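# Working through the structure, step by step
One letter stands for each residue in the lines below.
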Amino acid sequence: MTDPATDIQQTKQAYREAILAHARALQARQRAKAHLERSVAHARYEQQLEGKNEGDREAHARELFADLYAAVEDAEIEVLAARAELDAAFLDYQTARDLASLAAGFPLERAA
């Protein structure tokens, strides 16, 4: 059996790391979106997007900037994965705290 205090510290550290990883994923997504938006705006300004209507121009932008659209999609996937890791780390931390509390004979702070 491991020491409850050690378990809490380890899961707390993993939770902190998950928070930071999620924040980095959010930042990367924001940078990818901003880069795409700047590129599309520049193409609109330079009248490089062809099409009869907005839908056609959007389709042309997706062709011209396929790599940037893919980067945004990849960043979205990374955010979702980081969020799942964050949620799992939080649950691990809560579980470690709850088990330590029960082992010490203290009631749990939250309702199950």
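Coordinates for the structure precede this section.
Analysis parameters
- Residues numbered from 1 in each chain as written.
- Predicted model: local features only at pLDDT ≥ 70, side-chain atom pairs only at ≥ 80, totals over all residues.
- Heavy atoms only, no water.
- Helix = DSSP H or I, 4+ residues; strand = E, 2+ residues; numbered from the N terminus.
- Rg over C-alpha atoms; globule rule 2.2 N^0.38 Å.
- Buried < 20%, exposed > 50% of the residue type's maximum accessible area, 1.4 Å probe, protein only.
- Contact = heavy atoms within 4.5 Å.
- Salt bridge = Lys/Arg side-chain N within 4 Å of Asp/Glu carboxyl O.
- Core = buried A, V, L, I, M, F, W, Y, C linked by side-chain atoms within 4.5 Å.
- Phe/Tyr/Trp six-rings, centres within 6.5 Å; stacked < 30°, edge-to-face > 60°.

## Description of the overall build of the chain
- Secondary structure summary: the chain contains three helices and zero strands in total.
- Sequence-ordered secondary structure for the chain, helices as α and strands as β, is α-α-α.
- For the chain, whose C-alpha radius of gyration is 23 Å, the value lies well above the compact-globule estimate of 13 Å for 112 residues.
- In terms of its C-alpha atoms, the chain occupies a principal-axis envelope of roughly 70 × 25 × 20 Å.
- Counting every position in the chain, which comprises 112 residues, the buried fraction comes to 24%.
- For the chain, restricting intrachain contacts to residue pairs at least 6 apart in sequence, the fraction spanning at least 24 positions comes to 64%.

## Focus on the pattern of salt bridges
- The final tally for this structure, using the stated rule, is six salt bridges.
- In this structure, Lys-33 and Glu-76 form a salt bridge, with 3.5 Å as the shortest nitrogen-oxygen distance. You can see Lys-33 sitting in helix α1 (residues 4–45) and its partner Glu-76 sitting in helix α3 (residues 66–104), a full 43 residues away along the chain.
- Take Lys-33: its relative accessible area is 29%, and that puts it in the partly exposed class.

## Here we look at the nonpolar core
- By size, the foremost hydrophobic cluster in this structure holds 11 residues: Ala-32, Leu-36, Val-40, Ala-43, Leu-49, Ala-61, Phe-65, Leu-68, Tyr-69, Val-72 and Ala-75.
- Residue assignment for this core shows that the elements contributing at least two residues are α1 and α3.
- With near-sequence residues (within four places) excluded, Phe-65 lies in contact with Leu-36, Ser-39, Val-40 and Ala-43.

## A look at the packing of aromatic side chains
- Counted under the stated rule, the structure contains two aromatic pairs.
- Each ring, one from Tyr-15 and one from Phe-90, has its centre 5.3 Å from the other, and the planes form 50°; the classification is tilted. In this pair, Tyr-15 sits in helix α1 while Phe-90 sits in helix α3, placing the two residues 75 residues apart along the sequence.
- When its relative accessible area of 32% is taken as the criterion, Phe-90 is described as partly exposed.
- Plain terms: the ring middles of Tyr-15 and Tyr-93 are 6.0 Å apart, the flat faces sit at 10° to each other, and that makes the pair stacked. Highlighted residues: Tyr-15 in helix α1 and Tyr-93 in helix α3, separated in sequence by 78 residues.
- Look at Tyr-15 and you get partly exposed, because its relative accessible area is 21%.
- Taken together, the aromatic side chains of Tyr-15, Phe-90 and Tyr-93 make up a single cluster linked through ring pairs.

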